[in-house]
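Analysis of the macromolecular model
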Amino acid sequence: MRALLRLLSAGSGGRVGAAGRPAGPRRAMAGYGTEERGQRGSQDYRLFFKNVAGHYVSPFHDIPLKLDSKEENGIPTKKARNDDHKNLFNMVVEIPRWTNAKMEIATEEPLNPIKQDLKNGKLRYTPNIFPHKGYIWNYGALPQTWEDPHQRDKNTDCCGDNDPIDVCEIGSKVLSRGEVIHVKILGILALIDEGETDWKIIAINVNDPEAEKFHDIDDVKRFKPGYLEATLNWLRLYKVPEGKPENKFGFDGEFKNKAFALEVINSAHEYWKAMLMKKCEKGAINCTNVQVCDSPFHCTPEEARSFVESVRKKSDEEIWEELEGREWAWT
């Protein structure tokens, strides 16, 4: 039975080490890996990030916002074949498509691991919005951006929501929590969430099989008819089952184009830089970082490791018990 489980776990992306035990950190795209601490489905679960050197980093502050290089490891990338490389950004995946657990970057904790949000002291799960199961996109955030809660947005007349800018990735692949992917920006929607501006970027994974067809928001209307309407409806209703009113939108729910989205991103990046350089009020946001050397919140890799090691790590036995307890679907 364990031999069969090893084969199944390997086939689904799991890594198995000596004696059939899962081994090593999970690998994400774009040169970053992840490491779990605590038990999945518990309040102490945390997903930390590592760079290519194996140093713990913050997905909020240390992963670059924009990709300017036309090469990776000396190899010309797909994005370098045209001007789309100017529109290429990193995205941190928090919530895979079709899942319900409300995972998010922990903005108030050192190194900002991904954790599950709480509501009334309980783990938060987003309800299904008929006819969909969970989130209808791969959902995540743009690193090195911040929607400043002290700045009133000129377009919405509401202040920011105190988080990185959210991203709805519309590609055909179901991504994994903690993946760092390269996305093309296509457009943006102004959600007004309980009186706060909560921008939603529409983007597509540059490695998606259909990515080369998408360059702006009109391409989404053309090649994925109904997707934007479903997005608007989902975002309007997802808090209603919790007893809250429907969400509102700026611009009467109109999706703005790529050029508009890039302006919003650039503004949020400037707010983030001011926060990280201690030039504005950051409130409870934790700005500890490893790679922004001129930031007053910079720490050494050794200090970062010391913090992470103080957080309980899931044991191999716990991982194995979780694996054995899975229900396998045969097709």
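Predicted, not measured: the structure shown is a model, and the values here were computed from it.

About the criteria used
Every chain is numbered independently, its residues counted from 1 as its sequence is written. pLDDT decides what is reported in this predicted model: residues at 70 or higher carry local features, side-chain atom pairs at 80 or more are listed and counted, and totals for whole chains, interfaces and linings draw on all residues regardless. Side-chain metrics in this entry use all non-hydrogen atoms of the structure; hydrogen atoms and water are not considered. Here a helix means four or more residues in a row that DSSP labels H or I, a strand means two or more in a row labelled E, and each is numbered from the N terminus. Per-residue accessibility, obtained with a 1.4 Å probe over protein chains only, is compared with the maximum for each type, and a residue is labelled buried under 20%, exposed over 50%, and partly exposed between these values. In this description, contact between two residues means that some pair of their heavy atoms is separated by no more than 4.5 Å. Accessible surface area values rest on a Shrake-Rupley calculation with a 1.4 Å probe, where residue burial reflects the displayed protein chains alone. What is meant by a nonpolar core is a set of buried Ala, Val, Leu, Ile, Met, Phe, Trp, Tyr and Cys residues, joined one to another through side-chain atoms within 4.5 Å. The rule for a salt bridge is simple: a side-chain nitrogen of Lys or Arg has to be within 4 Å of a carboxyl oxygen of Asp or Glu. Ring geometry is summarised as follows: Phe, Tyr and Trp rings, the Trp one being its six-membered ring, pair when their centres sit within 6.5 Å, and such pairs are stacked at plane angles under 30 degrees, edge-to-face over 60 and tilted between the two. Both a distance and an angle decide whether a charge sits over a ring: NZ of Lys or CZ of Arg must be within 6 Å of the ring centre and within 35 degrees of the ring normal. Positive: Lys, Arg. Negative: Asp, Glu. His and the chain ends are not part of the count. Under this definition, polar contacts are N or O atom pairs within 3.5 Å; protein pairs additionally need one hydrogen-donor-capable and one acceptor-capable atom, and for neighbouring residues in sequence, both atoms have to be side-chain atoms. Think of it this way: DSSP has to see at least two bridges between two strands before they count as a pair.

Topic: the overall build of the protein
Broken down by element type, the protein carries six helices and 17 strands. Burial statistics for the protein: of 331 residues in total, 50% are counted as buried. Taking all contacts inside the protein whose residues are at least 6 apart in sequence as the whole, residues at least 24 apart take part in 66%. Summing over all exposed atoms, the protein offers an accessible surface of approximately 15,800 Å²; the carbon and sulfur share of this is 50%.

Describing the nonpolar core
Within the largest apolar cluster, 55 residues are counted, with the highest numbers of intra-cluster contacts made by W137, I170, V220 and W234. Each residue touching I170, except ones within four places of it in the same chain, is listed here: R97, W137, L186, I202, A203, I204, F214, V220, K224 and Y227. Among the nonpolar cores identified, the runner-up in size contains 21 residues, and M91, V93, I201 and I265 belong to it.

Concerning the pattern of salt bridges
On inspection of all chains with the given rule, the structure shows 20 salt bridges. Across the pair K200 and D166 runs a salt bridge, and its minimum N-O distance is 2.7 Å. Here K200 is found in strand β15 (residues 196-205), whereas its partner D166 is found in strand β13 (residues 166-169), with 34 residues between them in sequence. Taken as a pair, K200 and D166 share a single burial class, namely buried. Among the ionic pairs, E254 bridges to K256, the shortest N-O distance being 3.8 Å. Put simply, D117, K119, R124 and E242 are held in one network by salt bridges that share partners.

Some points on unusual backbone geometry
With an omega of 5°, the peptide bond between F130 and P131 qualifies as cis. By secondary structure assignment, the location of P131 is in the loop between β11 (122-123) and β12 (138-141). For W98, which is not glycine, the phi torsion reads 70° and is therefore positive. Examined against the element boundaries, W98 turns out to sit in the loop between β7 (88-95) and β8 (103-105).

Description of the packing of aromatic side chains
If you walk through the whole model with that rule in mind, you get ten aromatic pairs. Linked through ring pairs, Y135, W137, Y139, W234 and Y238 together constitute an aromatic cluster. Its end group placed over the ring of F251, K256 keeps NZ or CZ at 4.7 Å from the ring centre. Taking NZ or CZ as reference, K256 lies 5.6 Å from the ring centre of F260, over its face.

A few points about the side chain of N51
Within the element layout of this structure, N51 appears in the loop between β3 (46-50) and β4 (56-57). Residue classification places N51 among the buried residues on the basis of a relative accessible area of 10%. For N51, the contacting residues outside a window of four places in its chain are G31, Y32, V57 and Q291.

Here we look at the side chain of D208
Within the element layout of this structure, D208 appears in the loop between β15 and α2 (217-223). In this structure, D208 is buried with no salt-bridge partner, the nearest side chain bearing the opposite charge being K224 at 6.0 Å. Within the structure, D208 has its side chain in polar contact with the backbone nitrogen of E210 (distance 3.0 Å). For D208, the contacting residues outside a window of four places in its chain are G171, S172 and K173.

Quick notes on the environment of Q43
With respect to the helices, strands and loops of the structure, Q43 is situated in the loop between β2 (33-37) and β3. Discounting chain neighbours no more than four positions away, the residues touching Q43 are L118, G121, K122 and L123. Reaching out from Q43, the side chain makes a polar contact with the backbone oxygen of G121 at a distance of 2.7 Å.

Topic: the pairing of β15
Most of β15 is tucked away, with nine of its ten residues classed as buried. The sheet contact formed by β13 and β15 spans four bridges and is parallel. Counterpart to D166 in the pairing with β15 is K200. Taken together, the ten bridges between strand β14 (residues 180-193) and β15 define a ladder with antiparallel strand orientation. If you follow V183 over to β15, its bridge partner there is N205. Where β14 folds back onto β15 in an antiparallel hairpin, the turn is made up of two residues, including E194, whose phi is positive at roughly 50°.

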